[in-house]
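Listed below, chain by chain, are the residues.
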There are 2 protein chains.
Amino acid sequence: MLRAVFFDIDNTLYDSTTLARMARLNSIRAMIDAGLEGEEEELYARLQRVIARFGSNYPKHYDELLKDLRVPWSPKIVAAGVVAYERTKFGYLVPFPGVIPTLLELKAKYRLGVISNGIAVKQWEKLINLGVHHFFECVITSEEVGCEKPEAEIFHTAMQALGVEPEESVMVGDCPRTDAEGARRVGMKTVLVRLRGGEEGQAQEADAVVHDFRELPETLRRIESVV
Amino acid sequence: MLRAVFFDIDNTLYDSTTLARMARLNSIRAMIDAGLEGEEEELYARLQRVIARFGSNYPKHYDELLKDLRVPWSPKIVAAGVVAYERTKFGYLVPFPGVIPTLLELKAKYRLGVISNGIAVKQWEKLINLGVHHFFECVITSEEVGCEKPEAEIFHTAMQALGVEPEESVMVGDCPRTDAEGARRVGMKTVLVRLRGGEEGQAQEADAVVHDFRELPETLRRIESVV
């Protein structure tokens, strides 16, 4: 019998890919408005490279972009990028359609948790902005556990927190490798979410694939009937 | 003849006192909602003490509050405080009534600048959120100059940036000591803004006091007629 459902956050509960793309694009536009010279597309590509080099949680991407462009440091340009990013971020930090009613429905039947790679406070900020921070009995982040999905330990830590066994647990996430394959290797059931109509490859790693969050209750019932 | 008008930012262009109070109060309420135990007023007073101890630009006030309360660190509670602060901040980052039309009117006649104590990027973020970042020919921050108002050097740096003399310049700010007294000592004219109906003491340090930003054009004309 299924007793617990664990969720990934980014690209599972909300569209983090579009958020990042639009927030970065708007930050480039704001920096151009603040005096940065260059073409929007070229500057966007440069920013992407800076973020790839320093990691997405590095706090000074715009300072590094100016260095990369050999442009003198300008607090006006950096601040314009920061403000545009933050404003855009708030606009896109909304749950995928159906997330809230579906979580409410699932909560009546299963225990709910989160297993997420990332910095604990940052991941909690996302859950709070999404308005779902009260829905989960445990939120396990790689920062706190000290290892990342797909490593087995992070899944075991989450299951221990809820006192459930792997065969009683489902992992719901968007990533074939870290979510589906990682959870499957520890004996959990797996559901792959493909909410932005992305690529279909490697879907065989999961017990089920959903293209709409609202399919989850029925999908879990089907998985349960097989269990 | 007056040629340049320099402005302070906090409590001059917008109501930073109310912003800070409401954002901190909402952060306390959100942390209580996220599981922090205690009375709102007592926790708010504790947070104020933490901020006084670590300075308002320290990035981990909520972590320190938990330490101060001898409560185990909780990323959920910290994130709840951060999100509530940020959301409230955006709501209060609006110019005082009349700031934008008045700056537009003044810009036709004078050169405009900012002289502000604070971190350059943070102060620019405020100007950008207020929508006034294109109004000023120079923005001088204490971080970049290496000294703070009321020291003479920061005023001289600003005047040099616009190529104006002290007797051609006015400083507009809310603080009798750093804005009015500091600017007067280097020979600038001074206008004290009292936009939240605050205390009247020490107004004699300034050439004029305004209680509404829209009084500025007429006030500057009067100062000019004396010059």
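Above: the structure in question.
What you are looking at is a predicted structure, and each value in this text was computed from that prediction instead of being measured.

Conventions used here
- Residues numbered from 1 in each chain as written.
- Chains lettered and ligands numbered in written order.
- Predicted model: local features only at pLDDT ≥ 70, side-chain atom pairs only at ≥ 80, totals over all residues.
- Heavy atoms only, no water.
- Helix = DSSP H or I, 4+ residues; strand = E, 2+ residues; numbered from the N terminus.
- Expected span 1.5 Å × (residues − 1).
- Buried < 20%, exposed > 50% of the residue type's maximum accessible area, 1.4 Å probe, protein only.
- Arc of directions from axis to C-beta.
- Contact = heavy atoms within 4.5 Å.
- Core = buried A, V, L, I, M, F, W, Y, C linked by side-chain atoms within 4.5 Å.
- Least-squares fit on C-alpha atoms with pLDDT ≥ 70 in both.
- Pairing = 2+ DSSP bridges.
- Axes fitted to C-alpha atoms, helices over the stretch in contact; angles between N-to-C directions.
- Buried area = accessible area lost by both parts, 1.4 Å probe.
- Salt bridge = Lys/Arg side-chain N within 4 Å of Asp/Glu carboxyl O.
- Polar contact = N/O pair within 3.5 Å; in protein donor to acceptor, adjacent residues only side chain to side chain.

1. Examining helix α2 (residues 40-54) of chain A
Because the α-helix completes a turn every 3.6 residues, residues three or four places apart line up on one side. Residue and element names in this part refer to chain A. An ideal rise of 1.5 Å per residue puts 21 Å on 15 residues; α2 measures up with 21 Å between its terminal C-alpha atoms. Taken as a whole, α2 has its buried residues at L43, Y44, L47, V50 and I51. Buried residues of α2, seen end-on, are gathered within an arc of 120° and therefore sit on one face of the element. Opposite the buried face of α2, by more than 90 degrees, sit the exposed residues E41, A52 and R53.

2. Remarks on helix α6 (residues 120-130) of chain A
Extensive coverage of α6(A) is indicated by the burial of 9 of its 11 residues. Next to the buried residues of α6(A) lie α4 (75-92), α5 (99-107), β2 (111-116), β3 (138-141) and α7 (142-145) of chain A together with α4 (75-92) of chain B. Phi for G131(A), located one or two positions after α6(A), is positive at around 80°.

3. Notes on the nonpolar core
The nonpolar side chains of a soluble globular protein tend to be buried with one another. Counting 57 residues, the largest nonpolar core has F7(A), L13(A), L103(A), L127(A), F136(A), V191(A) and L220(A) as the members making the most contacts within it. Here F7(A) is in contact with L13(A), L103(A), L106(A), L112(A), G113(A), V114(A), I115(A), F136(A), M171(A), V172(A), F213(A) and L216(A), once residues within four sequence places are set aside. Listed in part, the 54 residues of the second largest apolar core include I28(A), A79(A), L2(B) and L13(B).

4. Thoughts on the relation of the copies chain A and chain B
For the pair chain A and chain B, the best superposition has an RMSD of 0.0 Å and corresponds to a rotation of 180° with a translation of 0.0 Å parallel to the axis. Those values place the two copies in the arrangement expected of a two-fold rotation axis. Among all residues of chain A, the one whose C-alpha sits closest to the rotation axis is E86(A), at a distance of 4.8 Å. Both copies present the same face, since 100% of the interface residues in chain A are matched by interface residues at the equivalent positions in chain B.

5. Observations concerning the sheet that holds strand β2 (residues 111-116) of chain B
Hydrogen bonds along the backbone pair up the strands of a sheet, which may run parallel or antiparallel. All names here are of chain B. With parallel pairing, 6 strands are arranged side by side in an open sheet as β3-β2-β1-β4-β5-β6. A strand with exactly one partner marks an edge of an open sheet, and here the two such strands are β3 (138-141) and β6 (208-210). When strand polarity is set aside, the average angle formed by the axes of neighbouring strands in this sheet is 20°. In this structure, strand β4 (residues 169-173) lies alongside strand β5 (residues 189-193), joined through 4 bridges in parallel fashion.

6. Digging into the interface of chain A and chain B
Each side of the interface is counted separately: chain A has 22 residues, and chain B has 23 residues. Here chain A and chain B share an interface that buries about 2000 Å² over both sides, 71% of which is from carbon and sulfur atoms. Broken down residue by residue, the surface that chain A buries against chain B is led by K76(A), V121(A) and I128(A), which jointly contribute 23%. Applying the counting criterion to the chain A and chain B interface returns 0 salt bridges. There are 4 residue pairs in polar contact (both at pLDDT 80 or more) connecting chain A and chain B.

7. What about unusual backbone geometry?
In this model, K149(A) is joined to P150(A) through a cis peptide bond whose omega is 15°. Its place among the elements puts P150(A) in the loop between α7 and α8 (152-162). In this structure, N11(B) takes a positive phi of about 65° despite not being glycine. Looking at where N11(B) falls in the secondary structure, it is placed in the loop between β1 (4-7) and α1 (16-33). Positive phi outside glycine occurs at R70(B), with the angle close to 55°. By the element assignment, R70(B) lies in the loop between α3 (61-68) and α4.

Limitation: the analysis is restricted to geometry and does not speak to function.
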